[in-house]
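As a plain string of letters, each chain reads:
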Protein chains: 2
Amino acid sequence: MNDLKKSTPSTKLYLEIVEKLRQMIESDGLVSGDKIPSERELSERLHVGRSSIREALRALELLGLIETRRGEGTFIRDYQDHNLIQLLGTFFLQDPKVKQDLAETKEYLETNCIQIVISSATEQELQHFLNWATEQAFSDDDFFTKLVALNSNYLMARIWTIVNSYARAANQVNEAIEYDSYIRFVHLMIERNTNQAISHYLKNIRKISNDE
Amino acid sequence: MNDLKKSTPSTKLYLEIVEKLRQMIESDGLVSGDKIPSERELSERLHVGRSSIREALRALELLGLIETRRGEGTFIRDYQDHNLIQLLGTFFLQDPKVKQDLAETKEYLETNCIQIVISSATEQELQHFLNWATEQAFSDDDFFTKLVALNSNYLMARIWTIVNSYARAANQVNEAIEYDSYIRFVHLMIERNTNQAISHYLKNIRKISNDE
DNA sequence: TTTATTAAGTGGTCTGACCACATTAGGCTT
DNA sequence: AAGCCTAATGTGGTCAGACCACTTAATAAA
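Residues numbered from 1 in each chain as written. Chains lettered and ligands numbered in written order. Predicted model: local features only at pLDDT ≥ 70, side-chain atom pairs only at ≥ 80, totals over all residues. Heavy atoms only, no water.

Asker: So what exactly am I meant to see when it comes to the sheet that holds strand 2 (residues 66–69) of chain B here?
Answerer: Within a sheet, each strand pairs with its neighbour through backbone hydrogen bonds, oriented either parallel or antiparallel. Residues and elements named next belong to chain B. Read from one edge to the other, the open sheet built from 3 strands follows the order 1-3-2, with strand pairing classed as antiparallel. The sheet is open, and its two edges are formed by strand 1 (35–36) and strand 2, each paired on a single side. Summarising the sheet, strand 1 and strand 3 (residues 73–76) pair through 2 bridges and their orientation is antiparallel. Bridged to Ile36 within strand 3 is Thr74. (Pairing = 2+ DSSP bridges. Helix = DSSP H or I, 4+ residues; strand = E, 2+ residues; numbered from the N terminus.)

Asker: What is the right way to read the protein's contact with DNA strand D from this model?
Answerer: The environment of DNA strand D is formed by 26 residues, the closest being A:Arg50, B:Lys12, B:Leu13, B:Gly49 and B:Ser52. At 3.0 Å, a side-chain N or O of A:Arg54 approaches a phosphate oxygen of DNA strand D. One nitrogen or oxygen atom from the side chain of A:Thr74 is found 3.0 Å from a phosphate oxygen belonging to DNA strand D. Elements supplying a minimum of two residues to the surface near DNA strand D: helix 2 (39–46), helix 3 (50–62), strand 2 (66–69) and strand 3 (73–76) of chain A together with helix 3 (50–62) of chain B. For the surface near DNA strand D, a count of residues per class yields 2 nonpolar, 11 polar and 13 charged. (Near = heavy atom within 4 Å. Polar contact = N/O pair within 3.5 Å; in protein donor to acceptor, adjacent residues only side chain to side chain. Nonpolar A, V, L, I, M, F, W, Y, C, P; charged D, E, K, R; others polar.)

Asker: Can you help me understand unusual backbone geometry in this one?
Answerer: Note on backbone geometry: most residues besides glycine have negative phi, and most peptide bonds are trans. All names here are of chain A. Of note, His47 is a non-glycine position whose phi angle comes to about 60°, a positive value. Structurally, His47 is set in the loop between helix 2 and helix 3. Assessed through its relative accessible area of 42%, His47 is described here as partly exposed. (Buried < 20%, exposed > 50% of the residue type's maximum accessible area, 1.4 Å probe, protein only.)

Asker: Which parts of the structure should I look at to understand the environment of B:Asn195?
Answerer: If you trace the backbone, B:Asn195 turns up in helix 10 (residues 194–205). Separated by 80 residues in the primary sequence, B:Asn195 and B:Gln115 place their C-alpha atoms 9.0 Å from one another.

Asker: Looking at this structure, I do not really get the protein's contact with DNA strand C. What am I missing?
Answerer: Surveying the vicinity of DNA strand C reveals 26 residues, the closest of which are A:Leu13, A:Gly49, A:Ser52, B:Glu39 and B:Arg50. Of all atoms in DNA strand C that approach within 4 Å of the protein, 68% are sugar or phosphate atoms. In this structure, a phosphate oxygen belonging to DNA strand C sits 2.6 Å away from a side-chain N or O atom of A:Ser52. For DNA strand C, a phosphate oxygen lies 2.9 Å from a polar atom in the backbone of B:Glu39. Counting only elements with at least two residues in the surface near DNA strand C, the list comes to helix 3 of chain A together with helix 2 (39–46), helix 3, strand 2 and strand 3 of chain B.

And the structure:
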């Protein structure tokens, strides 16, 4: 009853297996670090060949959803970046147009995050952020990672993280030059002054003409 | 000499194969639509099992870099919307908070696209867009698909497409009610009036209070 | 020439067999 | 009893060969 159909697979078998695994993980309430059944057991339980199981696991591994350790097993993993980005990077990230789009997209996303933070972050959170920024040195990457984390929109944060990973892979790192600019920027956010904050971000942090 | 080492694979074999394939594609100058050698031939040429070849191909397929057609072969593909995203979607779209964030993120991205289009689209493109909008009925989805396509930033367009497909999967479809609003909106873009265009978009097309 | 039929090539899948590695259980020495 | 060594077991990693389903092209029949 739990079989995966074999006649004229409308969708690739390994994709069906991925879906089955997802359901299995969900129904069993597995969380990061937990072990999933062995390839041989999955093969039996789902009535499919082990090679098909492996193709599905490769997909999940690429997505960063699982981690396989020889001799030990396969484990749930907090899904994040990695392989995927790196792989795509080694491929066609050399395209200069892509690189250019990358920087622009990153700026837009950061602008979005700034708006969201200003409109939804608490006074405490912003003060905490300000303290962090004043107490130590930080890179531009650090700063915006923190800022994006303050964002209440998790999806937006994830998109930024991915794009930022790409940018990092393309060696596009913004250097934090003047700490004062960042501090003043945080103050503008605390004042909930959206327009000036974004303007300051574009002009003094990203050094971009304002008319884009 | 072209063998892939077998002793103590420091990196997974299928990842090495992916790299080999990349080099092969590059050195042979293969482009979108071209056919790559069959799995059996690759297996012989690289001296690895066919199952390992297949695991590598699955990775490339997930990345949207190739396309496999049973009975025909494997072909290079313009790296675009991969089912990778779709896969990830089936995983994390479970989270209700994410669904909640979808609409907001979509709006931000559309705002970004509007800005980009206004600042980079040609008069011709916009006129063409206006003609399309006046000549027939369209859904909100159609409208913004067209608009986003006008965007010069391909990465941004891809992100919007992904988010939009999420929203669609979550049954979050905006209905196009008053065509006049859309038409007037296009006119504002043609006039390169960024502020009014965005304001009009938020107020009359997305029916959102202006202060977010 | 047109239409069926056949053959060859290709991806999709299954099975069974090793290998390399990690963990565990028993038995041995001390 | 405590510690160490050694099977034995289980796991992912890989390979080889076998079918199947499908596409295309060559071939034979109309």
